[in-house]
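A closer look at the structure
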Amino acid sequence: MISNQRPGVYSRVEISGCGGASGRWGVALLLPGEQHNVYKLDSYQEARDVLGDSRLVLDCARLLFEGAGRVIVVTAPGVSEAFLAAGQADVRAIVSGFTGTEELAALRDQAQRLSEEGRECIAFAGLGEPDEAISAAEVVNSGRVVLCCPVLEIAGDADSDSGPQAIYAACALAAAVLGATSPVMSFNGLRFEGLRVAQALPEDDIQRLIRAGVCVFEQVGAGAELIRGVTTHTQPEGGEGSLRGLGTVLIIDDVLGGVRGALRGKLGGSGKVSLEGVRDLVAVELRGKQDSGIIASFAPPRVRPKPGDPSVALVEISFGVAHLLSQIHLTAHIRV
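Quick look at the structure, then.

For the protein chain, the count of helices and strands is nine helices and 15 strands. The 336 residues of the protein chain split such that 45% are buried. Taking the contacts inside the protein chain whose residues are at least 6 apart along the sequence as the reference set, 68% of them involve residues at least 24 apart. Surface accessibility of the protein chain: about 16400 Å² in total, with carbon and sulfur atoms responsible for 49%.

Cis geometry marks the peptide bond from C149 to P150; its omega dihedral reads 5°. One can find P150 in the loop between strand 6 (145-149) and strand 7 (152-154). Phi is positive for N141, close to 45°, though the residue is something other than glycine. If you trace the backbone, N141 turns up in the loop between helix 5 (130-140) and strand 6. The partly exposed category is assigned to N141, whose relative accessible area is 23%.

Attention now moves to the packing of helix 2 (residues 55-64) against helix 6 (residues 167-178). Viewed as axis vectors pointing N to C, helix 2 and helix 6 meet at an angle of 25°, and their least axial separation amounts to 8 Å. As judged from the angle between their axes, helix 2 and helix 6 are roughly parallel. Helix-helix and strand crossings are classified by hand; for helix 2 and helix 6 the assignment is right-handed. Contacts from L56, D59, C60, L63 and L64 in helix 2 reach I167, Y168, C171, A172, A174 and A175 in helix 6. Here the residues of the contact of helix 2 with helix 6 sort into ten nonpolar, no polar and one charged.

Another aspect to go through is the environment of L314. For L314, the location among the structural elements is in strand 14 (residues 309-316). Residue classification places L314 among the partly exposed positions, given a relative accessible area of 27%. Placed eleven residues apart in sequence, L314 and V303 show a C-alpha to C-alpha distance of 5.6 Å. The contacts of L314, once residues within four sequence positions are left out, are R302, V303, R304, P305, K306 and P307.

A separate point is the nonpolar core. Core analysis: the biggest nonpolar cluster contains 48 residues, and L29, V95, F124, L173, F187, L195 and F217 have the highest contact counts within it. At eleven residues, helix 6 tops the list of elements feeding residues into this core. Excluding residues that lie within four positions of it along the chain, V95 makes contacts with V27, A28, L29, L30, L64, F124, I167, A170, C171 and A174. In terms of nonpolar packing, the next biggest core, distinct from the first, is built from 36 residues, I72, A111, C121 and A136 among them.

Attention shifts here to the layout of surface pockets. Of the pockets and cavities examined, the largest pocket occupies roughly 530 Å³. Forming the boundary of the largest pocket are 23 residues, of which W25, R92, V177, L250 and D254 lie nearest the centre. The greatest single-element share of the lining of the largest pocket, amounting to five residues, is contributed by helix 8 (residues 246-268). Partitioning the lining of the largest pocket into residue classes produces eleven nonpolar, six polar and six charged.

Here we come to the packing of helix 1 (residues 44-51) against helix 2. Contact geometry for helix 1 and helix 2: axes closest at 10 Å, N-to-C directions at 170°. In terms of axis orientation, helix 1 runs roughly antiparallel to helix 2. Between helix 1, through Y44, A47, R48 and L51, and helix 2, the contact on the second element is made entirely by R55, V57, L58, A61 and R62.

Let us now look at the pattern of salt bridges. Overall, the coordinates contain 18 salt bridges when judged by the stated rule. Residue D42 is joined to R70 by a salt bridge in which the shortest nitrogen-to-oxygen separation is 2.9 Å. Highlighted residues: D42 in the loop between strand 2 (37-41) and helix 1 and R70 in strand 3 (residues 70-76), separated in sequence by 28 residues. One continuous salt-bridge network, built from bridges that share partners, spans R55, D59 and R62.

To continue, consider the environment of T232. Summarising the element assignment, T232 is placed in the loop between strand 11 (223-226) and helix 8. The sequence separation of T232 and V146 amounts to 86 residues, and the corresponding C-alpha distance is 6.0 Å. If we ignore the near neighbours within four places in the chain, the residues touching T232 are A137, V140, N141, S142, V145, L147, A212 and G213.

One can find G33 in the loop between strand 1 (26-32) and strand 2. Accessibility expressed as a relative area gives 24% for G33, which makes it partly exposed. Residues G33 and A76, 43 residues apart in the sequence, show an inter-C-alpha distance of 4.8 Å. Each residue touching G33, except ones within four places of it in the same chain, is listed here: T75, A76 and P77.

All right, on to the packing of aromatic side chains then. Pairs of aromatic rings are described using the distance from one ring centre to the other and the angle between the two planes. A full pass over the atoms with the stated rule returns one aromatic pair. Centroid distance F192 to F217: 5.8 Å. Interplanar angle 50°. Geometry classified as tilted. Of this pair, F192 sits in strand 8 (residues 191-192) while F217 is found in strand 10 (residues 214-220), placing the two residues 25 residues apart along the sequence. Side by side, F192 and F217 carry an identical accessibility label, which is buried. Sitting over the ring of W25, R92 keeps its end group 4.0 Å from the ring centre.

What counts, and at which threshold
- Residues numbered from 1 in each chain as written.
- Predicted model: local features only at pLDDT ≥ 70, side-chain atom pairs only at ≥ 80, totals over all residues.
- Heavy atoms only, no water.
- Helix = DSSP H or I, 4+ residues; strand = E, 2+ residues; numbered from the N terminus.
- Buried < 20%, exposed > 50% of the residue type's maximum accessible area, 1.4 Å probe, protein only.
- Contact = heavy atoms within 4.5 Å.
- Areas by Shrake-Rupley, 256 points an atom, 1.4 Å probe, with all protein chains shown as cover.
- Axes fitted to C-alpha atoms, helices over the stretch in contact; angles between N-to-C directions.
- Parallel < 35°, antiparallel > 145°, perpendicular 65-115°, else oblique.
- Left-handed = near helix turned anticlockwise from the far one by under 90°.
- Nonpolar A, V, L, I, M, F, W, Y, C, P; charged D, E, K, R; others polar.
- Core = buried A, V, L, I, M, F, W, Y, C linked by side-chain atoms within 4.5 Å.
- 1 Å grid on protein atoms, 1.4 Å probe; cavity = no way out; pocket = protein on both sides within 12 Å on 5 of 7 lines; lining within 4 Å.
- Points joined across faces, edges and corners; volume = space filled by probe spheres on them.
- Salt bridge = Lys/Arg side-chain N within 4 Å of Asp/Glu carboxyl O.
- Phe/Tyr/Trp six-rings, centres within 6.5 Å; stacked < 30°, edge-to-face > 60°.
- Lys NZ or Arg CZ within 6 Å of the ring centre and 35° of its normal.

In structure tokens:
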């Protein structure tokens, strides 16, 4: 078996462009700062008007608006203060400039809490040093956290004086996720023409990083290209390590969000809501996801009243995610 973490057949997979239409989701950009400030921005032009000469923040905002409909910039002395503002906003992604191990663990907990509240969220951060990124990924180990490496720089921007930054990769990838038109999307080989890798990584480091659950960028032509879209969830409890693709998390969020929205509409209507009606509604929603190719299969939903409170329905669903192929290994038996 080939011991290589790159997707392929076995060759490079290329997807040109990262889109350009603004999405409808919001993103929170958390940055260290001496004072606690919150800026709610609806366009890059507004960011230029409000943020003035804050070049690094403007560069991040420009990258984020490639896929986000709103960017909420939060500056604070510590990550806890930044979370207070981000937690109150309707965001589907958090990009953090706080990159210490404890700060990233807190970022994971925040993203998980928002997701448990029905506000599915993925956190992104950039770390420039491979060993630092690998250590952080091992500690975080979550499908809700995406770490990016190495340092990138804005290509062909004479006005940018912020220099190479690890957070640029996190902003670009977060925008691509928010702007995705379908949850069934492979981020492997996604190219960002406006960014450039500041210093190429050795192949050994690339393999170690991807195996640890870090999204690695490399220079391909005039742009920076994401080799493989992964999350830091590589060590499931009680099982062997396995990479969880970024697309898998998006599919799960899409299914749960769709089921929750359908049920919310049922509760908002008039008339009696039966357990059978809830079960049928969930089954229809799952069938639609299967027909759309978002999930591969599903089991009949289980619906029962909560013990001691028949006004509460407990719904259990089970489904198989439609995995996208990342590698194809060919074995040839040749007789001469």
